[in-house]
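Report on the structure
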Amino acid sequence: MDIKNLKQNIKANKNKIAHDIENRSKNLEKRWRKFEKDFFSQMEEIAKTKWKHENYKVYLLYSCFWGGDYDLNKPSIYINPLLKYGDSLYVIFHELSHSIYWEYIYSKYSFKFIKKNYNFLWQISEVMVNYPLLKLKINYKFPLIIPPNLKIF
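Let me sum up the structure you'll find in this document. (Residues numbered from 1 in each chain as written. Predicted model: local features only at pLDDT ≥ 70, side-chain atom pairs only at ≥ 80, totals over all residues. Heavy atoms only, no water.)

Side chains carrying opposite charge are able to pair once their charged atoms draw close together. A complete count under the given rule lists 5 salt bridges for this structure. E29 is paired through a salt bridge with R33; the nearest N and O atoms lie 3.0 Å apart. Here E29 pairs with R33, and both are found in helix α2 (residues 14-33), just 4 residues apart, close to one helical turn. Residue classification places E29 among the partly exposed residues on the basis of a relative accessible area of 44%. Relative accessible area serves as the criterion here: at 46%, R33 is assigned to the partly exposed category. Residue E44 is joined to K50 by a salt bridge in which the shortest nitrogen-to-oxygen separation is 3.7 Å. Overall, E44 belongs to the partly exposed group, its relative accessible area being 23%. One salt-bridge network, in which partners are shared between bridges, spans E29, R33 and E36. (Salt bridge = Lys/Arg side-chain N within 4 Å of Asp/Glu carboxyl O. Helix = DSSP H or I, 4+ residues; strand = E, 2+ residues; numbered from the N terminus. Buried < 20%, exposed > 50% of the residue type's maximum accessible area, 1.4 Å probe, protein only.)

Have a look at this one:
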């Protein structure tokens, strides 16, 4: 599907998409609330790094076709709650894990080093997010996910 058809499809189905996101968001928020406090406190302990922000916002976006994303400069993550495969709750954990990974990196390495090696560090982050998640002691079974398209692994 090309961009033009994609835009037309989203425009033609925007009411249904908005309705579906609203319905899924209620269940997703309820599930998240069960883990929220333990997740944030345990991640700090495991990573030996403080969260940069006191609060993080989750934006639910249909257009996030790969599942989720994060913003290094803001306390924001982006999730597609309408994924057919995978668990949107896992995507929240995963994207927030990226945030603490980068907090750790920025606390240990110079800006010059990070800038020079950003692509490599980003690729590593796609694997490294697994380690703190697998060490969490919460009632959630985390899959070990290593993206197949990463060149270095």
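Picking up where we left off.
Here we come to unusual backbone geometry. Trans is the common state for peptide bonds, and a negative phi is the common state for residues other than glycine. The phi dihedral of K48 is positive, around 50 degrees, even though this residue is not glycine. Along the chain, the position of K48 falls in the loop between α3 (36-47) and β1 (57-60). Given the relative accessible area of 71%, K48 is considered exposed.

Right, let's get into the sheet that holds strand β3 (residues 76-79). The strand order across the open sheet formed by 3 strands is β1-β3-β2, and the pairing between neighbours is mixed. If you trace the sheet from one side to the other, it starts and ends with β1 and β2 (68-71), each paired once. When strand polarity is set aside, the average angle formed by the axes of neighbouring strands in this sheet is 20 degrees. One ladder, built from 4 bridges, connects β1 with β3; its direction is parallel. Its bridge partner being in β3, Y59 is matched across the sheet by Y78. (Pairing = 2+ DSSP bridges. Axes fitted to C-alpha atoms, helices over the stretch in contact; angles between N-to-C directions.)

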